[in-house]
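# Observations on chain architecture
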Amino acid sequence: MISRRALLGTALTATSLSALAMAGCSAGSSDGPVSVYSWRQEDGDGYRKIFDIFTQAHADITVKFEPFNSTDYDQILATAMQSGDNLDLIQLRPYAGGREIADTGDLAPLDDMAELKGFSPESLAAVSGSDGKVYGVPTAQNALITLYNKEIFDQHKIARPSTWPEFLDACAALKKAGLVPIAQSGKAAYLLTILYQAVATSALSPAFGKAVDDGSADFTSQEFRDSVQRVLDLKPYVPESFIGMADDEARAMFAQGRAAMYINGDYRIKPLLDLNPKLQMDYLASLPEATGPVQLSTGVDGAYALMASSPRLEQARALLAWMATEEFGSAFATTFSRLSQVPGAKAEDPLHVKLAEEIATVGTENPFARLGGGNPDVKAEFENALQGVLGGQISADELFAKTQEAYQASRQR
Amino acid sequence: MSRSLRAARGGAARITPLVHLFALPALVVYGVFVLYPIATTLLNSFFEFRGMHRGAWIGLANFETLFTKPPLNGRVLNAVSHNLIMFAASMLTLVLAFVIAALLHQLTVGREFFKAAFFLPRLLSLIVVGFLWQLILSPQSGALNALLDAVGLSALSHAWLATPASALGSVIAVGAWHSIGFAILVFLASMQAIPSTIYEAARLDGASATRILVSITLPLTRSAWMILTVLGFIGAFETFDLVYAMQGAAGPPYYGTDTLGLLFYRLAFGGEGGTAAVGLGSALALSMLVVMAAVSLLTLRLFRPGRS
């Protein structure tokens, strides 16, 4: 008969062996492809083609693009980092989301990367940690715009509006003609921040943006109230049920000519043309209250960062440095019909060419882009409260008070 | 003669202690995937977190933030109220399931067909069910509004997922549609286990169908009520996937369909506030675990035989 001590010993040995086996499974090696974690699941084929350009010039390096669902990406990345997976390059959220990761010390600083020298200070600030060091190579640039159907505007003899009152007049005329003026979804609250930024950036002065950064902004001020009023003014011109409508439906409405306008980012241009290649579109930036220059809400939309613990540090760094070159930037812009952050990278389609030119002159980073992070989060509080106001659940005064409370709490951290 | 040989010939056999080793793989898996995460969650709720990195011990500060500081305390209360409404709705679903099961119990022809028909939705994943119903309930292109328009009930057409009351009601109705088949099967199995002689005796004594249902079927299916009530409570307080699939992580409109499961997800993985707050999420998860365990035990005690 086996003794209890022997039984315990056997059990412990078996458990230890299991643990060792598990540990062995996760042990990494410097061989193998450089992994690139991304939330752009739909861009998998495009990225693989782009990385082929790199690997053809670097025969000793292979690349494995590993995309995940965007909404689950942060969770998957955090779990992988926590469990000590051998990550090489990761796609990094800009602004607060990326800063949180950079501040953990898990990323390698890139200040000495020569290829980053030509990037704008604003785009590098969006991928920097609290220590001021740069931790990411910015890839995409967003432009938040009002896309409009040129044929519908021409058909109803509506001129391209150049001021906010003209825009509201155009909406009223379209509605009078029996059309849905704006195909807009408000189901996911973040779409309402996009809507706000696209139409209201011109309503905020540069002084308000500075005040946001130095902690003295007042989200109950008349200036901020007036800017939010622009979104509230649009309520009669969006589908009555827009809070319960998904963005896919809004996009389909616009693409099929059932609505005259659609407010979102420039990244929706290609999907809209995929739905209807004959769609004649142009865009409007954020319009001034009276005659004057427009402002184009823009910001960094994603970057790639190097894990400090990468077992393939040199190869991963070489790939990342290439991602900061014009060759990558142009391939990115043409493959995905997006605006690249890389200086000198050229867009191909006419709308993006026009956007790139306009961003250079009237591009403005909306303060909300820099306000994410923490609990409660100012941007999340704002957009959810805005949904509540549009749905009639809370008053506009409550929206301003909640945003201000969240802002003050964020400044105290 | 060896022990095993003796055992094989029908003699008194002694089980070798080595047999316990067979439980080891299961125990290791259980320990790694159940006990370890629970213990880690318990521990994490007492620490400060920066992203996913554990910082200093902060005692009960996470619980204090969660339950006393706005806006989180308001979010917790709001989510709890929705979970409680879901539990109340699951109880109503149980009553309906009991009635349907009693009717099916009377059927001699077609019972299997109806059992299969009611149980069919249960075979689908809740995520799939959620996405499908989201399409059906869509205000612009949904099948439900199209059907109402087609049969002349346009006045009832509605943006089902756009207002707090109808959105929560829609989610609850879809959940009930998905789960009622299981409750019917459990009740039916419980009813079929009641000896037919009891029913025959009752009928001979002149008991009405209602009296038989209330005085015989209801008390003799107590064990089914007990397990379904406990599962209903746990299910209501665990609600996540269906609401997530139909409404997203924030429980729109303006937290009108928020639940503790969604709030936990946003806290722990970054939806509530943009960045992960694992400590706060763990504190919420631990609180949920304690409440669910306590209520489940209480329910089991309430249904204990001999108390009626």
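Bear in mind that the values here come from a model prediction, so they are computed numbers and not experimental data.

Looking now at the overall build of chain A. Across its full length, chain A holds 17 helices and 12 strands. The principal-axis extents of the C-alpha atoms in chain A amount to approximately 90 × 50 × 45 Å. Put simply, chain A has 413 residues, and 53% of those count as buried. Partitioning the intrachain contacts of chain A with sequence separation of at least 6 by distance along the chain shows that 75% fall at a separation of at least 24. Accessible surface computed for chain A: about 17,500 Å², of which carbon and sulfur atoms make up 52%.

Moving on: the overall build of chain B. Secondary structure summary: chain B contains 14 helices and 2 strands in total. Computed over the C-alpha atoms, the radius of gyration of chain B is 25 Å, more than 25% above the 19 Å expected from 2.2 N^0.38 for a compact globule of 308 residues. Here the C-alpha coordinates of chain B stretch approximately 75 × 65 × 35 Å along the principal axes. Taking all 308 residues of chain B together, the buried fraction comes to 41%.

Residue and element names in this part refer to chain A. What the domain assignment reports for chain A is domain 1 (4–141 + 301–347) and domain 2 (142–298 + 366–411). For domain 1 versus domain 2, the distance between C-alpha centres works out to 32 Å. Facing 12 residues of domain 1, the contacting portion of domain 2 comprises 11 residues. Buried surface at the junction of domain 1 and domain 2, summed over both partners, amounts to about 790 Å²; 52% is from carbon and sulfur atoms. The salt bridge partner of Arg-338 is Asp-266, with a shortest N-O separation of 4.0 Å. Every element with two or more residues in the side of domain 1 that touches domain 2 is listed here: α4 (95–102), β5 (140–149) and α14 (326–336).

Our focus in this paragraph is the confidence of the model for chain B. A low pLDDT means the predicted coordinates there should not be read in detail. For chain B, per-residue confidence averages 89 on the pLDDT scale, and 92% of positions sit at 70 or higher. Per the prediction output, this complex has pTM 0.84; the corresponding ipTM is 0.79.

Residues and elements named next belong to chain A. Axis separation between helix α10 (residues 222–233) and helix α16 (residues 378–390) bottoms out at 11 Å; the angle between their running directions is 55°. Taken together, α10 and α16 sit at an angle that is classed as oblique. Crossing geometry of α10 relative to α16 is assigned as right-handed. Each of Phe-224, Val-228, Val-231 and Leu-232 in α10 lies in contact with α16, whose residues at this interface are Phe-382, Leu-386, Val-389 and Leu-390. Among the residues forming the contact of α10 with α16, the class breakdown is 8 nonpolar, no polar and no charged.

Residues and elements named next belong to chain B. Of the two faces of strand β1 (residues 47–50), the one lined by Phe-47 and Phe-49 is fully buried and the one lined by Glu-48 and Arg-50 carries no buried residue. Pairing geometry for β1 and strand β2 (residues 53–57), over 3 bridges, is antiparallel. Bridge pairing in β2 places Arg-50 opposite His-53.

Moving on: the sheet that holds strand β2 (residues 63–67) of chain A. All names here are of chain A. Read from one edge of the open sheet, 5 strands run β2-β1-β3-β10-β4, paired in mixed fashion. Of all strands in the sheet, those bounded by a partner on one side alone are β2 and β4 (137–138). Where strand β3 (residues 89–92) meets strand β10 (residues 303–306), 4 bridges bridge the pair, whose relative direction is antiparallel. The residue of β10 that forms the bridge with Leu-92 is Ala-303.

What follows covers helix α2 (residues 44–57) of chain A. Helix length check: α2(A), at 14 residues, gives a terminal C-alpha distance of 21 Å against a target of 20 Å (1.5 Å per residue), a fit within 8%. For α2(A), the secondary structure elements touched by its buried residues are β1 (34–38), β2, β10, α13 (313–322) and α14 of chain A.

Looking now at the packing of aromatic side chains. On inspection of all chains with the given rule, the structure shows 37 aromatic pairs over all chains. Centroid distance A:Phe208 to A:Phe219: 5.5 Å. Interplanar angle 85°. Geometry classified as edge-to-face. Here A:Phe219 lies in the loop between α9 (206–214) and α10 and A:Phe208 lies in helix α9, a separation of 11 residues in the sequence. In this structure, A:Phe208 and A:Phe219 share a single accessibility class: buried. Residues B:Phe98 and B:Trp225 carry aromatic rings whose centres are separated by 5.3 Å and whose planes lie at 45° to one another, so their mutual orientation is tilted. Here B:Phe98, found in helix α4 (residues 72–106), pairs with B:Trp225, found in helix α11 (residues 222–238); they are 127 residues apart in sequence, far enough to count as distant. Each member of the pair, B:Phe98 as well as B:Trp225, carries the same accessibility label: buried.

Moving on, we get to the environment of A:Thr139. Residues and elements named next belong to chain A. Secondary-structure assignment places Thr-139 in the loop between β4 and β5. Distance in space between the C-alpha atoms of Thr-139 and Asp-301 is 7.2 Å, their sequence separation being 162 residues. For Thr-139, the residues in contact, after removing those within four places along its chain, are Asp-301, Gly-302, Ala-303, Tyr-304, Phe-328, Phe-332, Leu-339, Ser-340 and Gln-341. One polar contact links the side chain of Thr-139 to the main-chain carbonyl oxygen of Gly-302, over a distance of 3.0 Å.

Residues and elements named next belong to chain A. For the coordinates displayed, the defined rule picks out 20 salt bridges over all chains. Between Arg-312 and Asp-88 there is a salt bridge, with the nearest N and O atoms lying 2.9 Å from each other. Remark: Asp-88 occurs in the loop between α3 (70–82) and β3 and Arg-312 occurs in the loop between β10 and α13; sequence separation between them is 224 residues. You can call Arg-312 buried: its relative accessible area is 7%. Residues Arg-251 and Asp-247 are paired through a salt bridge, measuring 3.5 Å at the closest nitrogen-oxygen approach. Note that Arg-251 and Asp-247 are positioned in helix α11 (residues 247–255) at a spacing of 4 residues, about one turn of the helix.

Each value, and the rule that gives it
- Residues numbered from 1 in each chain as written.
- Chains lettered and ligands numbered in written order.
- Predicted model: local features only at pLDDT ≥ 70, side-chain atom pairs only at ≥ 80, totals over all residues.
- Heavy atoms only, no water.
- Helix = DSSP H or I, 4+ residues; strand = E, 2+ residues; numbered from the N terminus.
- Buried < 20%, exposed > 50% of the residue type's maximum accessible area, 1.4 Å probe, protein only.
- Contact = heavy atoms within 4.5 Å.
- Areas by Shrake-Rupley, 256 points an atom, 1.4 Å probe, with all protein chains shown as cover.
- Rg over C-alpha atoms; globule rule 2.2 N^0.38 Å.
- Domains from an automatic or database assignment.
- Buried area = accessible area lost by both parts, 1.4 Å probe.
- Salt bridge = Lys/Arg side-chain N within 4 Å of Asp/Glu carboxyl O.
- pLDDT = per-residue confidence, 0-100.
- Axes fitted to C-alpha atoms, helices over the stretch in contact; angles between N-to-C directions.
- Parallel < 35°, antiparallel > 145°, perpendicular 65-115°, else oblique.
- Left-handed = near helix turned anticlockwise from the far one by under 90°.
- Nonpolar A, V, L, I, M, F, W, Y, C, P; charged D, E, K, R; others polar.
- Pairing = 2+ DSSP bridges.
- Expected span 1.5 Å × (residues − 1).
- Phe/Tyr/Trp six-rings, centres within 6.5 Å; stacked < 30°, edge-to-face > 60°.
- Polar contact = N/O pair within 3.5 Å; in protein donor to acceptor, adjacent residues only side chain to side chain.

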